[in-house]
Each structure stands twice: as structure tokens, then as C-alpha cells.
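Letter by letter, the chains look like this.
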Amino acid sequence: MHCYETEYDVIVVGAGHAGCEAALAAARMGCFTLLLTINLDAIALMSCNPAIGGLAKGHLVKEIDALGGEMAKNIDATGIQFRILNTRKGPAVRASRAQADKQLYRLRMKRVLERQDNLLLKQGEVTGLYREGDELRGVDTRSGIRFLGKTVVLTTGTFMRGLIHIGLTNYPGGRAGDLPSVGLSDQLKELGFLVGRLKTGTPARLDGRTIDFARLEAQYGDDPPQPFSFSTERITMPQVPCHIAYTNPRSHDIIRSGLDRSPLYAGVIEGVGPRYCPSIEDKVVRFPDKDRHQTFIEPEGLDTVEVYPSGMSTSLPIDIQIPFYRSIEGLERVEIMRPAYAIEYDYVDPIQLHASLETKLIRNLYHAGQINGTSGYEEAAAQGLMAGINAALRVRGRKPLVLERSDAYIGVMIDDLVTLGTKEPYRMFTSRAEYRLLLREDNADLRLREKGYDIGLVADREFCRFLQKREQIAAEFERIRTRRLQMDAAEQEFLSMHSLADMQKGTTFEQLLRRPEITYAGLTEFDDVSRETPPEVREQVEIQVKYRGYIERQLEQVERSRKLESTQLPAELNYYSINGLTTEVREKLARNRPDTLGQASRIPGVTPAAISVLAIALKSHTWEKQGQ
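What you see is a predicted model, and the numbers here were worked out from it, not measured in a lab.

Basis of the calculations
- Residues numbered from 1 in each chain as written.
- Predicted model: local features only at pLDDT ≥ 70, side-chain atom pairs only at ≥ 80, totals over all residues.
- Heavy atoms only, no water.
- Helix = DSSP H or I, 4+ residues; strand = E, 2+ residues; numbered from the N terminus.
- Buried < 20%, exposed > 50% of the residue type's maximum accessible area, 1.4 Å probe, protein only.
- Contact = heavy atoms within 4.5 Å.
- Areas by Shrake-Rupley, 256 points an atom, 1.4 Å probe, with all protein chains shown as cover.
- Lys, Arg positive; Asp, Glu negative; His and termini not counted.
- Charge placed at Lys NZ, Arg CZ, Asp CG, Glu CD.
- Pairing = 2+ DSSP bridges.
- Axes fitted to C-alpha atoms, helices over the stretch in contact; angles between N-to-C directions.
- Phe/Tyr/Trp six-rings, centres within 6.5 Å; stacked < 30°, edge-to-face > 60°.
- Parallel < 35°, antiparallel > 145°, perpendicular 65-115°, else oblique.
- Left-handed = near helix turned anticlockwise from the far one by under 90°.
- Salt bridge = Lys/Arg side-chain N within 4 Å of Asp/Glu carboxyl O.

Caption draft 1: Highlighting the overall build of the protein. If you tally the helices and strands in the protein, you get 21 helices and 20 strands. Over its C-alpha atoms, taken along the principal directions, the protein stretches across nearly 80 × 80 × 50 Å. The proportion of buried residues among the 628 residues of the protein is 57%. Nonlocal contacts in the protein, meaning residues at least 24 apart in sequence, comprise 73% of its contacts between residues at least 6 apart. For the protein, the accessible surface area stands at approximately 26,900 Å², while carbon and sulfur atoms represent 49% of it. In the protein, 82 positive and 85 negative side-chain charges are present, and the distance between their average locations comes to 2 Å.

Caption draft 2: Highlighting helix α2 (residues 57-67). Judged by how many residues are buried, α2 sits mostly within the fold: 11 of 11 residues are covered. Those residues of α2 not exposed but buried are Lys57, Gly58, His59, Leu60, Val61, Lys62, Glu63, Ile64, Asp65, Ala66 and Leu67. Positive backbone phi, approximately 110 degrees, marks glycine 68, located one or two places after α2.

Caption draft 3: Summary view of the sheet that holds strand β13 (residues 205-207). Taken together, the 6 strands give an open sheet; going across it, the order is β14-β15-β16-β17-β13-β18, and neighbouring strands pair in antiparallel fashion. With partners counted over all chains shown, the strands left at the sheet margins are β14 (217-219) and β18 (336-338), one partner each. Pairs of neighbouring strands in the sheet enclose a mean axial angle of 35 degrees, with direction left out of account. Examined bridge by bridge, strand β16 (residues 294-299) and strand β17 (residues 306-310) share 4 bridges and lie antiparallel to one another. Note on β17: the bridge partner recorded for glutamate 298 is tyrosine 308. Packed on one face of the sheet, helix α8 (residues 318-326) meets β13, β17 and β18 and runs near 130 degrees to β18.

Caption draft 4: Spatial organisation of the packing of aromatic side chains. Counted by the stated rule, this structure contains 8 aromatic pairs. Both rings, one in phenylalanine 82 and one in phenylalanine 228, keep their centres 6.5 Å apart while their planes meet at 55 degrees; by these two values the pair is tilted. Of the two residues, phenylalanine 82 is situated in strand β4 (residues 79-85) and phenylalanine 228 in the loop between β14 and β15 (242-246); the sequence distance between them amounts to 146 residues. Here phenylalanine 228 falls in the buried class, since its relative accessible area comes to 0%. Measuring from ring centre to ring centre gives 4.9 Å for phenylalanine 324 and tyrosine 325, while their planes differ by 50 degrees; the resulting arrangement is tilted. Tyrosine 325 shares its class with phenylalanine 324; the two are buried.

Caption draft 5: The packing of helix α12 (residues 460-482) against helix α17 (residues 535-546), seen in detail. α17 packs onto α12 with a crossing angle of 50 degrees between their chain directions and a minimal axis gap of 9 Å. Classified by the angle their axes make, α12 and α17 are oblique. Regarding α12 and α17, the two cross each other, and that crossing is right-handed. Between α12 and α17, the contacting residues are Lys469, Gln472, Ile473, Glu476, Phe477 and Ile480 on the first element and Glu536, Val537, Gln540, Val541, Gln544 and Val545 on the second.

Caption draft 6: Representation of the pairing of strand β10 (residues 163-166) in the model. In terms of strand pairing, β10 meets strand β19 (residues 341-348) through 3 bridges, oriented antiparallel. Along β19, the bridge assignment pairs isoleucine 164 with isoleucine 343. With 4 bridges connecting them, β10 and strand β11 (residues 169-172) associate as antiparallel partners. Note that in β11 the partner of histidine 165 across the bridge is asparagine 170.

Caption draft 7: Region of the structure containing the packing of α2 against helix α3 (residues 71-78). Axis separation between α2 and α3 bottoms out at 7 Å; the angle between their running directions is 110 degrees. Relative to α3, the element α2 lies roughly perpendicular. Contact residues: Val61, Ile64 and Asp65 in α2; Met71, Ala72 and Lys73 in α3.

Caption draft 8: Up close: the sheet that holds strand β5 (residues 95-100). Taken in spatial order, the 3 strands of this open sheet run β3-β5-β4, and their pairing is antiparallel. Among the strands making up the open sheet, the edge pair consists of β3 (51-53) and β4. Here the average twist between neighbouring strands, direction ignored, is 15 degrees. Here 3 bridges tie β3 to β5, and the two strands are oriented antiparallel to one another. Opposite glycine 53, over in β5, you have arginine 97 as the bridge partner.

Caption draft 9: Fine view of unusual backbone geometry. Between aspartate 223 and proline 224 the backbone carries a cis peptide bond, its omega angle lying at 5 degrees. Its place among the elements puts proline 224 in the loop between β14 and β15. The phi torsion at alanine 56 lies on the positive side, around 70 degrees, for a residue other than glycine. Mapped onto the secondary structure, alanine 56 falls in the loop between β3 and α2. Taking relative accessible area as the criterion, alanine 56 reaches 0% and is therefore assigned buried.

Caption draft 10: Seen up close, the pattern of salt bridges. For the structure shown, the criterion picks out 49 salt bridges. For the salt bridge of glutamate 300 with lysine 102, the shortest nitrogen-to-oxygen distance reads 3.4 Å. Of this pair, glutamate 300 sits in the loop between β16 and β17 while lysine 102 sits in helix α4 (residues 102-114), placing them 198 residues apart in sequence. Comparing glutamate 300 with lysine 102, the two get one shared label, buried. Where lysine 423 meets aspartate 349, a salt bridge forms, and the shortest distance between an N and an O atom there is 3.4 Å. Taken together, the residues span a long stretch of sequence, with lysine 423 in the loop between α10 (409-420) and α11 (444-454) and aspartate 349 in the loop between β19 and β20 (365-367) at a distance of 74 residues. With a relative accessible area of 57%, lysine 423 lands in the exposed category. Overlapping salt bridges bring together Arg405, Asp415, Asp416, Glu434, Glu565 and Arg602 as one network.

Written out as C-alpha cells, the structure reads:
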């Protein structure tokens, strides 16, 4: 094994969405970073749907941006349709989503990585970790090169022992067209990690020239399109529509005819698939009474005819795939350019991670992305960002950055993973966040921008812009709190128009805005200052006024739980020696090794009574340590 002469601060393994964010974060924080990937031409490749964001996922992208990550900027520069989802619902569950030009997205991210100071990119398959004694010292590659590093971030995606299935035919692959990673997961098992098997899938890619789009329902994006990044002023890419199509009873009969050759139903696939993104054969079997299933026909880019039929993933044999896709109205003559397939891969149970994403078994080793059992580009990128940040902070001798459940969706996701583990692909939902009214897309910068600046990821120019926005919000909130109706002609006309004749002189603008029928846009009808207020300031003021009671209630809940979240549990604590805990609770605590009382309280089966016993035992443990 040839030892490369350079020692790196951070080595990132894998250049998917997690690896890109991890490498950029570490390098931007001043660490000499190496990014190793099996194929340099597949950096940030969208191996499944050509889109970023969606329900809860859009929240993650906004938070990545607020902390100084790249994903939001990348989709803003390459997106070809932008939509805000759930606009008729409250601000907590509104979410951004954008179709990407798949190749432009990949190429721009590669360009950003190549131009980043402190970052080197190299092609190579990592086959093992290199350790000297118990100390992690770097990684070994299949080409016989050993790279030394102070910290290592594993972002292996679906590549660890990846196995692709099309019908009863299967072959090794990290995704279609790429080789798998072999050897690394075996070593992780030998080191004591709990390695499991998961499955995911992707639809066929179809030739858009063979689809009759005139018979499909067009779906256009928002006009004007709203950017993801707080730094993007406007979207400049051309915008295109998607199209909606539906399966039918004939489609379902075709699927049923091939179930005996489906690897999913023939018992060939061992891994557990995603519950919330099932294959089309799964949908047909689970919902036999449903006459049709919807698909969005999404363009893969401006300069390609390939389209992506969202929601139509399958691992059925190709002789079933062809008639199935052709059974859909408007797709009767469709040609498949790339067949659909399922893929199985190894993951490591995230219960063996600290909240910093550092592994509990090996110091200075971090895991991020699908290796932790998650699904989705956004979930991966958010973990990669946090792992890269914390690897860099370790090199700098600083404490890790851990986001609480009340700080960010990123904090909710990581806490779910490291506290509960997962036996199926984990996907982010707004329902997972108990403080979701606090964790809105619109206020991600107010929650996280300062944290990103403090660790060195947010540039001075962007931070100054943020400070200006925050000051404007505070000033405008104070203005409407003290500005009162004078009952001049313009105000009286406005009140009469909105049937608010009962309003009295001296009513504040804040009180007026609390009325459900009044929006901030209404204030602009008679108030000059409101007309000149920037839209992002208007939005924050209106939400804070209208949801003030609910927001204050959630803040009180956060404060009550803060003591539990901040109380650390010593790594050496012997749970079997604590009187008052049941055997079941002891076993779960010993297995999970939670970092805090808050984490312990969320382990299924660990009761509030057990937490009280644990808190008392913790005080005794502290006194014993002090007396030694």
C-alpha cells in the first residue's frame, strides 16, 4: 500500500449530495480537505428524481442555505420549474420544490467544488479505514493508495455492496452505470458496527418525443419563481411545465401479471424498502380498490428528451415495464430509454452515532447520508453539511455544532436517527417536528444564519444583508405595534370596504393585522410606509402577529424541555447498576447509549418515571466523580 505524502485535515468519502456539502463545509472552514469518489463525472448526480425540495425537504434545503451550504444556490442556478406547495395552508407546512436541469445541476456543483480553496478532488474507491492501534489515521483505496487524514466522513450512498434488480436479473452496482463499493461494509461489521440492508428504486427514463403531451394535463410553476437561497435575488433559468398522467385498471392488470417475476414479491430482495415512496407494484398490491395512480412526467433538462415519471418506480422485468408504461393514456407509443430498477445496499444503524454524527465506536469517524439509513437528496445534504462542520470543528479543537429539535428540521432528523435508529429508509416530514410552527421555511435564516456565520460558513456580505433584514423586521414590528389609526379619509374608506366599521380611533396596526380578514397587503392600501416595506419583512411581521399566541406557546414548551436536552449522560454510565430501572429500560439505554436525558426520553419504552430515576442517579454519579 503506497502512502500518499500529504496528510489532510478532513477526508470525505463519496461525492453525492452528502459528500459535496461535507467537503465544501470543511474546506470553507479552513481545513485542508480531500474528496474521494468512485467517479468524478458523477458528482452530485441526481440518480433518482430530477428535483430538489418538497414537503419538509424544502425546509431542510432552506436550513442548509442559512448555515452556509450550497444546495439552495445550486438549484436556484439550474432549476427549470419552481413551486411553493401548500400555499392554502398555514406557513408551517408550506414548502418549496424545484425541478432541476439534471446535468446542469451536476456540472455546476462539480465546478464549485473544483474552484473551492483548501479542497482537492480525487477519483478512487475506498475499500477500508486505516487505523494505527485504536486511532483512525485515514483510508485505503482499491488502487493501492493510502490517504492519511485527521478525520474521515463516510457518505457512501447506495454504493456499499450495491445490488441492482430488474425482474429476477440482478448485478452489482452502486447505481445504474456505476460500480459498487466492496469491502468497506465488511470492515465496518468487523469493527462492531450494526450493518443492515435497505432497498430503494427508481422509475424508467422515457423518451419525451414518444409521449403525446397534448393528452396530458400541464402543470406550470409559479410566476415569478421564488428562489430557495436567501442570497439569490431572482431566477434566470428558462421555466418549463411538468405534465400529469394516470394509470388505469389495465395498467394494474399488467403489473399483477408480472408479480411472480418481481424480485420484491419473489423473495429475492432482502432489504427493507421506503414506506412513504413505494414502487408501483407495491401501490397496486396494497391498494387493490384504487382505479388509478397519479404520475408527474418531469423533464430531466432543457437539452434532453428524457423525462422522469415520478411515483412509477418498479423492479418488474423489462417485458412487463414496456406494456405497463404504454398502458397509460398519452404514453401508448412511449419508448424506454433507461429501464426502471431497484437497488439494495448496506447501511449502518445510526443509533451508533453521537448527535454530531461522529461514530461512538471510532473517534474522528463521521457518517452522513444514506449510510445512516435516510432517503432523499435533501436529507443527505443536511447530514453531510453537519458532518463536515463537525469534522472541521474537531480538527480546530472546538466543540461540535449540535442543532436541537427546536432549532431546525436538521436537528429533528439527526435526533430521530441517533436516538431511535431506523430499520427502513428515513424520510423527513413536517409531522416529525413537534415545534414546526417555529421551524418554518421562511424564518430559516433568522434561526440559523448567525450559527453559520459564527463557524465561518456564511460570508460577511451575506451576513450583513441578513442583519439588515433582521433589523428591518424588528423596526417594522415596533412600528405597527405603536402606529395607531387616526381615522382619516383613507383609513375610513379601507375599514368600510372590509366591513370593519366597529374599529375605534387609536387601534394599533398590530391589532388590525390580528383580524383574520386583514393581511399585511391590506395595510398597503392606505399606509405609505407599509407599501415601501420589503416583501420578506412584511411576511415575517404578518406571521409573528397572526400566530403570536401559538408561537409563544411553543417557545414555552421549548423552554420546559431545555433542561432535559442539555443534561449530558456520561459515556461510561453503567445503566445496569441503577436501581429503579426495569430490565427492559436498562437494556435499551445500554444499547442506545444516549448522549443526553432528552435523547433518553425519546427512546420507545423509556418512561417518564425511568427518566426521573435516571436524573437522580445522574446526580449521584456526578458527586461520585467529584469525590474521586
